[in-house]
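Chains, contacts and geometry: an overview
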Amino acid sequence: MMSYVLSRWEPENTEFWAKEGSGIANRNLWISIPCLMLAFSVWMLWSVVAANLDKAGFQFTKDQLFFLTALPALSGATLRIFYSFLVPVFGGRKWTAISTATLLIPAIGMGFALKDPATSYSTLLVLALLCGFGGGNFSSSMANISFFFPKARKGYATGMNAGIGNLGVSVVQFLTPLVISSAMFGAAVSGDGFLFHNAKTGADKMFWLANAGFIWVPFITVATLAAWFGMNDIASAKASFADQAVIFKRKHNWLMCWLYIGTFGSFIGFSAGFAMLIKAQFPEIDVAKFAFLGPLAGALARPVGGMISDKIGGARLTFWVFVAMAATIVLGILPALHAHQFMVFLASFIGMFILTGLGNGSTFCMIPLIFQMERERAVNGKGEAALKQARLDAAKESAAVLGFSGAIGAYGGFFIPQSFGTSIKMTGAPDMALYTFVAFYVSCMVITWWYYSRKGAEMPC
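Residues numbered from 1 in each chain as written. Predicted model: local features only at pLDDT ≥ 70, side-chain atom pairs only at ≥ 80, totals over all residues. Heavy atoms only, no water.

1. Quick notes on the overall build of the chain
As a reminder, the rule being used: Starting at the N terminus, helices and strands are each numbered in turn, a helix being any DSSP run of H or I of at least four residues and a strand any DSSP run of E of at least two. Throughout, radius of gyration means the C-alpha value; the globule benchmark is 2.2 Å times the number of residues raised to the power 0.38. The buried label applies to any residue whose accessible area, calculated with a 1.4 Å probe on protein chains only, is under 20% of its type's maximum; exposed applies above 50%, and partly exposed to all values in between.
A tally of regular secondary structure across the chain gives 20 helices and 4 strands. Here the chain has a C-alpha radius of gyration of 22 Å; the compact-globule value for 461 residues is 23 Å, and the two agree. Seen along its three principal axes, the alpha-carbon backbone of the chain occupies a region of about 75 × 55 × 35 Å. By residue count, 60% of the 461 residues in the chain fall in the buried class.

See the structure below:
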């Protein structure tokens, strides 16, 4: 019978890793990935539902719709702060199962609320906040997986977990338009549906918006059971909040939070606002055909960023990612908007998503290396026992930083859609928001170069 608690876990021991560690670690990783994918799907559900509310008879302003897409990111980012520290307290297996099960609350709630266009805006705001459960899961998931893999494989492991998990953003934007076009669960569950008249084509079409919530319920249930019965807790990874709170005194925790706002914050923010931005700037375009492409490209690029970082160094890749992101906005997105060239705009934004994915992988590869280097330097010359303890402390600290930086980075999911909405409301165009993003990426370039990528940097990684 499988033991759920691993009393011995030494991933840096090559013999242990080859004999049993690799198999256990990969089993936990491949159960974690679909759980995280579902979390991202629920988290970003409003990014596509908001763009379809008018078809079901809901009447809201563009500003209100942008706020609905932004709100899950705000609650998800805040929950991440707490989730960052829960794996060492509860155990990775238990917390993965519990946190995955909580996704049922917003999924079922949205299913019932979206049956009736008379549902109040305040009710939808509450449901948008509850979708933040999905956002919170990322920090605990990444912290948990980081404990299982050795230093040389952390880029791969965190890249695969986050990268394939990020696919949930693209999955929800691709799948939702399909499921709301069918009474797949029958009238008892899906409701009677809504007849939408397309003024452009003159065609009438039925929509069952409730399916956008109900479709996830069976998958969440299966994933919860898989986590409970298939994953493990690591005994040596136990730590109280007080033990982990040391990261708030670490300078590199705050620097990496800033960089992660630039990478993951951009990914999740653009994912949340992309569909509404297309709808606002190119009203003649069918959003459903294109909105999922950017998040898909970004998610697929994330594990690639982790693997490239394992080869050439995360800091080097991160630096050039920020250079390219600033250049893409200035040379691609802004000119395309001014010329109203949708395909150039789409290609530039897909390029932007790819860059955010690469940067997500590279920054998360940097964190474990930075904290292991820092702890090892502190015990240099003090013997093998001190070195072993330093590595254990580094694993706990880096896991907490992975989670906490993920929490801070996720606020980009709130501010980017809000920035687009505010800029459009004030000036009629998103230019003001885009120029602000460029200035932020320049600051990220400077930090990466000075502390991590230049010759003689404080923490070369």
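2. Describing the nonpolar core
Test applied: The nonpolar core is taken to be a set of buried Ala, Val, Leu, Ile, Met, Phe, Trp, Tyr and Cys residues, with the residues joined through side-chain atoms within 4.5 Å. By definition, residues are in contact when any of their heavy atoms lie within 4.5 Å.
Ranked by internal contacts, the top residues of the largest apolar core, which has 156 residues, are Trp46 and Phe345. Once you skip the residues sitting within four places of it in the chain, Phe345 turns out to touch Phe274, Leu277, Ile278, Phe282, Ile333, Ala336 and Leu337.

3. Quick notes on the state of the cysteines
Under the convention used in this document: Any two cysteine sulfur atoms within 2.5 Å of one another count as a disulfide.
Throughout the structure, instances matching the rule amount to 0 disulfides. Cysteine Cys461 remains unbridged, with the sulfur of Cys365 as its closest cysteine sulfur at 8.0 Å. Judged by relative accessible area, Cys461 falls into the buried class, the value being 14%.

4. Details of a nonpolar patch on the surface
Short version of the rule: A patch is a set of surface residues, each over 30% in relative accessible area and not in a salt bridge, joined within 9 Å for like charges and within 5 Å for the nonpolar side chains Val, Leu, Ile, Met, Phe, Trp and Tyr. Method for areas: the Shrake-Rupley scheme with a 1.4 Å probe, in which residue coverage is limited to the protein chains shown. In what follows, salt bridge is the name for a side-chain nitrogen of Lys or Arg lying within 4 Å of a carboxyl oxygen of Asp or Glu.
There is a patch of nonpolar side chains on the surface, built from Val304, Met307, Ile308 and Ile312 and spanning about 290 Å² of accessible area. Within the secondary structure, Val304 is located in helix H15 (residues 293–312).

5. Comments concerning the side chain of Gln372
By secondary structure assignment, the location of Gln372 is in helix H17 (residues 342–378). Look past the residues within four positions of Gln372 in its chain and what remains in contact with it is Glu12, Lys151, Arg391 and Ala394.

6. Side note on the packing of aromatic side chains
Heads up, the condition is: Put simply, two rings from Phe, Tyr or Trp (the six-membered ring, in Trp's case) pair if the centres are within 6.5 Å, and we call them stacked under 30 degrees between planes, edge-to-face over 60, tilted for the rest. Consider the ring centre and the ring normal. A charge sits over the ring if Lys NZ or Arg CZ is within 6 Å of that centre and within 35 degrees of that normal.
Enumeration over the complete set of coordinates arrives at 45 aromatic pairs. Here Trp43 and Phe264 contribute two aromatic rings whose centre-to-centre distance is 6.3 Å and whose plane-to-plane angle is 15 degrees, an arrangement assigned as stacked. With a gap of 221 residues between them, Trp43 in helix H1 (residues 14–43) and Phe264 in helix H14 (residues 251–281) connect regions that are remote in the sequence. Each member of the pair Trp43 and Phe264 is classed as buried. A centroid spacing of 5.2 Å and a plane angle of 85 degrees characterise the contact between Phe248 and Phe404, whose relative ring orientation is edge-to-face. Pair noted here: Phe248 is in the loop between helix H13 (241–244) and H14 and Phe404 is in helix H18 (residues 384–410), with a separation of 156 residues, a long-range link. In this structure, Arg153 packs its charged tip against the face of Tyr156, placed 4.3 Å from the ring centre. Here Arg454 stacks its cationic end above the ring of Trp449, 5.9 Å away from the centre of that ring.

7. Let's talk about helix H12 (residues 217–230)
To be explicit about the condition: To estimate the expected span of a helix, count its residues, drop one, and scale the result by 1.5 Å. Within this analysis, the arc is defined by the directions that extend from the helix axis to the C-beta atoms.
For H12, with 14 residues, the first-to-last C-alpha span of 20 Å sits near the 20 Å given by 1.5 Å per residue. Looking at H12, one finds that the buried residues are Ile220, Ala223, Thr224, Ala227 and Gly230. Buried residues of H12, viewed axially, fall in a sector of 165 degrees; they line one side. Seen from the open side of H12, the exposed residues pointing more than 90 degrees away from its buried face are Val222 and Phe229. Contacts made by the buried residues of H12 are with H1, helix H5 (92–101) and helix H6 (104–113).

8. Regarding the packing of helix H3 (residues 62–83) against helix H8 (residues 132–148)
Keep this limit in mind: Fitting a line to C-alpha atoms yields each axis, with helices limited to the stretch in contact; the angle taken between N-to-C directions then spans 0 to 180 degrees. Should the near helix be turned anticlockwise from the far one by less than a right angle, the crossing is termed left-handed; should it be turned clockwise, right-handed. When residue character is reported, Ala, Val, Leu, Ile, Met, Phe, Trp, Tyr, Cys and Pro are called nonpolar, Asp, Glu, Lys and Arg charged, and the others, Gly included, polar.
Two elements in contact, H3 and H8, have axes whose closest approach is 7 Å; the angle formed by their N-to-C orientations is 35 degrees. In this structure, the crossing between H3 and H8 has a hand that is right-handed. Each of Pro72, Ser75, Gly76, Leu79, Arg80 and Tyr83 in H3 lies in contact with H8, whose residues at this interface are Gly132, Phe133, Gly135, Gly136, Asn137, Phe138, Ser139 and Ser140. Of the residues in the contact of H3 with H8, the class split is 5 nonpolar, 8 polar and 1 charged.

9. Side note on the pattern of salt bridges
Applying the stated criterion to the full structure yields 10 salt bridges. The shortest N-O distance in the salt bridge between Asp233 and Arg93 comes to 3.7 Å. Here Asp233 is found in strand S4 (residues 233–234), whereas its partner Arg93 is found in helix H5, with 140 residues between them in sequence. For the pair shown, Asp233 and Arg93 are each scored as buried.

10. Focus on unusual backbone geometry
Residue His340 is not a glycine yet carries a positive backbone phi of 55 degrees. With respect to the secondary-structure elements, His340 resides in the loop between helix H16 (314–339) and H17. Classification of His340 as partly exposed rests on a relative accessible area of 42%.

11. Some thoughts on H1
Filter applied, for reference: The bend reported for a residue corresponds to the angle between axes fitted to the seven residues ending at that residue and the seven starting there. The term polar contact refers here to a pair of N or O atoms within 3.5 Å; inside protein, the definition further demands a hydrogen-donor-capable atom paired with an acceptor-capable atom, and it admits residues adjacent in sequence only when both atoms are side-chain atoms.
When the terminal C-alpha atoms of H1 are compared, their 38 Å separation across 30 residues is substantially less than the 44 Å that a helix rising 1.5 Å per residue should span. Gly21 marks the point of greatest bend in H1, at about 60 degrees. A side-chain oxygen of the first residue of H1 lies 3.1 Å from the backbone nitrogen of Glu15; this N-cap is Asn13.

12. Brief notes about the environment of Met459
When you line up the elements, Met459 lands in the segment after helix H20 (431–453). By relative accessible area, Met459 is classed as buried at 3%. Residues in contact with Met459, not counting those within four places in the same chain, are His252, Ile370, Met373, Glu374, Arg377, Tyr451 and Tyr452.

13. Looking at the packing of H17 against H18
Helix-helix packing is characterised by the crossing angle of the two axes and by the distance between the axes. It is the contact of H17 with H18, at a shortest axis distance of 8 Å, that shows an interaxial angle of 145 degrees. Regarding H17 and H18, the two cross each other, and that crossing is right-handed. Counted together, Phe364, Ile367, Pro368, Phe371, Gln372, Arg375 and Glu376 of H17 and Leu387, Ala390, Arg391, Asp393, Ala394, Glu397, Ser398, Val401, Leu402 and Ser405 of H18 form the full contact between these two elements. Tallied by class, residues from the contact of H17 with H18 come to 9 nonpolar, 3 polar and 5 charged.

14. Points about the side chain of Thr119
Position of Thr119 relative to the elements: it lies in the loop between H6 and helix H7 (121–130). Within polar-contact distance, the side chain of Thr119 engages the backbone oxygen of Ala113 at 2.7 Å. A polar side-chain atom of Thr119 sits 2.8 Å from the main-chain carbonyl oxygen of Asp116. Ignoring sequence-local partners within four residues, the contact set of Thr119 consists of Phe58, Ala113 and Leu124.

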